[in-house]
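Coordinate analysis (summary)
For reference, the chains in residue letters:
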Amino acid sequence: MAAPNAVMPLWTAAELAAATGGRWASGVAGDRAVSGISIDSRTLVAGDLFVALVGPTHDGHDFVGKALAAGASAALVHRRPSDTSADAPLLMVRDTMAALEAVAAAARARTEARFVAVTGSVGKTGTKEALRLALESQAVTYASQGNLNNQWGVPLSLARMPRDTVYGVFELGMNHPGEIRALTRQVRPDVAVITTVEAAHLEFFGTVEAIADAKAEIFEGMNRAGVAVLNRDNAQYDRLVGRAKAQGLARIIGFGRHPDAQARLIDCTLHSTCSAVTASILGEKLEYCIGTPGIHWVINSLAVLAAVSAIGADPRSAAASFAGLAAPKGRGQRRRIALAAGAFHLIDESYNASPVAVRAALAVLGRATTGPTGRRIAVIGDMLELGEAGPRLHAELAPDILRAGVDLVFTAGPLSAELFKALPPERRGAHAPDTTALAPIVAGAVRPGDVVLVKGSLGSRMSVIVDALVALDQSDQPALQRAANGG
């Protein structure tokens, strides 16, 4: 029996063996426990269970020795790695991926927590993080980290969930049909949020309606008592409602500006760094501030409050938490970059992009406050997975850039070249075939007072631009000089 004040481990050796049907190698103590779970030896924390997954390019079994040397408490394997000793703490299973999913199922089964799952064409991670913030002040809340939303990330996130969790928040992603179906059956959410359905991953679906059907797979993991939270303003709302009802869901909450939305925006004032909101959430009027700017954050806050109410938590307390909301890295995170003669501000939207997401980011840039001689600068990379419509969808962003009052545009990639050509000559900064070529051009062009937005799909490697701009920061230059001088 554990001591009265002892911290319960995430998993004991016996629990892991029972969940996976595996067997421990000889010499493993029965009281061995793990405090976390990792599938990457580079980010592993001492005490973790290292799961040796076999991926498309790497076999985790090749890194078991490294993981144990880094402090892993044990490793989950389906073959004995050649670089481990005979008494290495190995849990032998038939297949490590199936075993990870089994641990995830055991984590889901051992808790009485209430679960919210979030999907959508855009806004998934931000909405998930806002839900985490809204719920964690009310009870023990666990949310999947970063963008762990795929066939590896979801079971890993479930397996990491502490046993005392009261509210669980999970993000489900996809770019092909059938992917969410498998994920939602693992999470089995009580509340499902679909932020919106737009022309993202169009290359793999053909139509927005097909994307909506794939997002609607989230309902297949729910029972009849489940609640669907849907964007009432979205063109696919009725289609999603039909899919939810077909799965037996009786309760559907719409959110947005629509007069029939149960989580309805009454009014909002959009500022350069925040937003003031008045909303009606299931008949209760709430006034609150969101600590990150943009109408897309305002609309998704309605979804969060609807989900909070549906899961049995307090929406008023949740609304108060939004003042502390900050955009995640690569999804609107802001940074002040000091130069010798002043500073500029970077809006890092480098993680991903779709037409609707770029327009939302441009609207935020349009409201940004520049310095006395500063400019609004957009650095745009290719939006990928748009199929044959890709060139046209890039060119169609030109009016939004003009509407936002963007002074200068830099583009990278063959698709963004279509946008560059569609712009008036005075708005064209430079175009390059890729971000590696563009980065030094952008870094050489920025000046004090500018506000710089960096936006593009992950595969466009917009982080190269972000890194080049961050490298200009002289904020810590005196400290670096002192360190170099031994001070």
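What counts as what
Here the residue numbering is sequential within each chain, running from 1 through the sequence in written order. Local features are withheld for residues below a pLDDT of 70 in this predicted model, meaning they are given only at 70 or higher, and side-chain atom pairs are given and counted only at 80 or more; totals for whole chains, interfaces and linings count all residues. As a convention, hydrogens and water are excluded, and side-chain values are obtained from all of the structure's heavy atoms. Only DSSP runs of H or I with at least four residues qualify as helices, and only runs of E with at least two residues qualify as strands; both kinds are numbered from the N terminus onward. A 1.4 Å probe rolled over the protein chains alone gives each residue an accessible area, and that area as a share of the maximum for its type sets the label: buried under 20%, exposed over 50%, partly exposed in between. Shrake-Rupley sampling with a 1.4 Å probe provides the accessible areas, and residues are treated as covered by the protein chains on show and by no other component. By the counting scheme adopted, Arg and Lys are positive, Glu and Asp are negative, and His together with the chain ends is not counted. Positions of charges follow a simple convention, taking NZ of Lys, CZ of Arg, CG of Asp or CD of Glu. The pocket and cavity definitions rest on a 1 Å grid over protein atoms only: a 1.4 Å probe that fits but cannot leave marks a cavity, an open set with protein on both sides within 12 Å along at least five of seven lines marks a pocket, and residues lining either have an atom within 4 Å of a point. Grid points are joined across faces, edges and corners, and a volume is the space filled by probe spheres set on the points. Throughout this entry, Asp, Glu, Lys and Arg are counted as charged residues, while Ala, Val, Leu, Ile, Met, Phe, Trp, Tyr, Cys and Pro are counted as nonpolar. The remaining residues, Gly among them, count as polar. Confidence of the predictor at the level of single residues is captured by pLDDT, which takes values from 0 to 100. Contacts: residue pairs with any heavy atoms within 4.5 Å of one another. Note on aromatic contacts: the rings of Phe and Tyr and the six-membered ring of Trp form a pair at centre separations within 6.5 Å, being stacked when their planes are under 30 degrees apart, edge-to-face when over 60 apart, and tilted otherwise. By this definition, two strands are paired if DSSP reports at least two bridges between them. Axis lines are fitted through C-alpha atoms, for helices just across the contact stretch, and the angle between N-to-C directions can take any value from 0 to 180 degrees.

Turning to the overall build of the chain, a few remarks are in order. Of regular secondary structure, the chain possesses 18 helices and 22 strands. Projected onto the principal axes, the alpha-carbon positions of the chain cover approximately 70 × 65 × 45 Å. When the 487 residues of the chain are sorted by exposure, 53% land in the buried category. Surface exposure of the chain reaches about 20,400 Å², of which carbon and sulfur atoms provide 51%. In the chain, 47 positive and 45 negative side-chain charges are present, and the distance between their average locations comes to 2 Å.

Our next topic: empty space enclosed by the protein. To find the voids left in a structure, one rolls a probe of water-molecule size over its atoms. Per the stated rule, a full pass over the model turns up two cavities of 30 Å³ or more. In this structure, the largest cavity occupies an estimated 60 Å³ of space. Forming the walls of the largest cavity are T292, P293, H296, W297, A327, R331, G332, R334, I347, E349 and V364. Among the residues making up the lining of the largest cavity, the classes are represented as five nonpolar, three polar and three charged. Here the second largest cavity is characterised by a volume of approximately 50 Å³. For the second largest cavity, the full set of lining residues is G126, T127, A130, I290, W297, N300, S301, F322 and L325. If you list the elements that add at least two residues to the lining of the second largest cavity, you get α4 (124-136) and α10 (295-311).

A separate point is the layout of surface pockets. Volume-wise, the second largest pocket comes out at about 270 Å³. Residue lining of the second largest pocket: 16 residues in total, with K329, D348, S350, V466 and D467 positioned closest to the centre. Where the lining of the second largest pocket is concerned, the elements lending two or more residues are β17 (333-339), β18 (342-349) and α17 (463-470). Tallied by class, the residues present in the lining of the second largest pocket amount to six nonpolar, five polar and five charged.

Of all residues in the chain, 95% have pLDDT values of 70 or greater, and the mean over the chain is 93. For residues 1-6, every residue scores under 50 in pLDDT, and the model assigns this stretch one contact once sequence neighbours within four places are set aside. Note on residues 477-487: pLDDT is under 50 here. Beyond four places in sequence and across chains, it has one contact.

Under the defined criterion, the tally for this structure stands at three aromatic pairs. On the numbers, 5.9 Å between centres and 55 degrees between planes, the contact of Y142 with F170 is tilted. Here the residue Y142 occupies a position in strand β9 (residues 141-143), and F170 occupies one in strand β10 (residues 167-171), the gap between them amounting to 28 residues. Ring pairing ties together the aromatic residues F115, Y142 and F170, which thus form one cluster.

Moving on to the sheet that holds strand β2 (residues 23-24). An order of β2-β7-β6-β5-β4 is seen for the five strands of this open sheet, with the pairing classed as mixed. Looking at the sheet topology across the chains shown, the edges are occupied by β2 and β4 (36-38). With two bridges connecting them, β2 and strand β7 (residues 90-92) associate as antiparallel partners. Within β7, the residue paired with W24 across the bridge is L91. Docked against the sheet, helix α3 (residues 96-109) engages β4, β5 (48-51) and β6 (74-77), running at close to 120 degrees with respect to β6.

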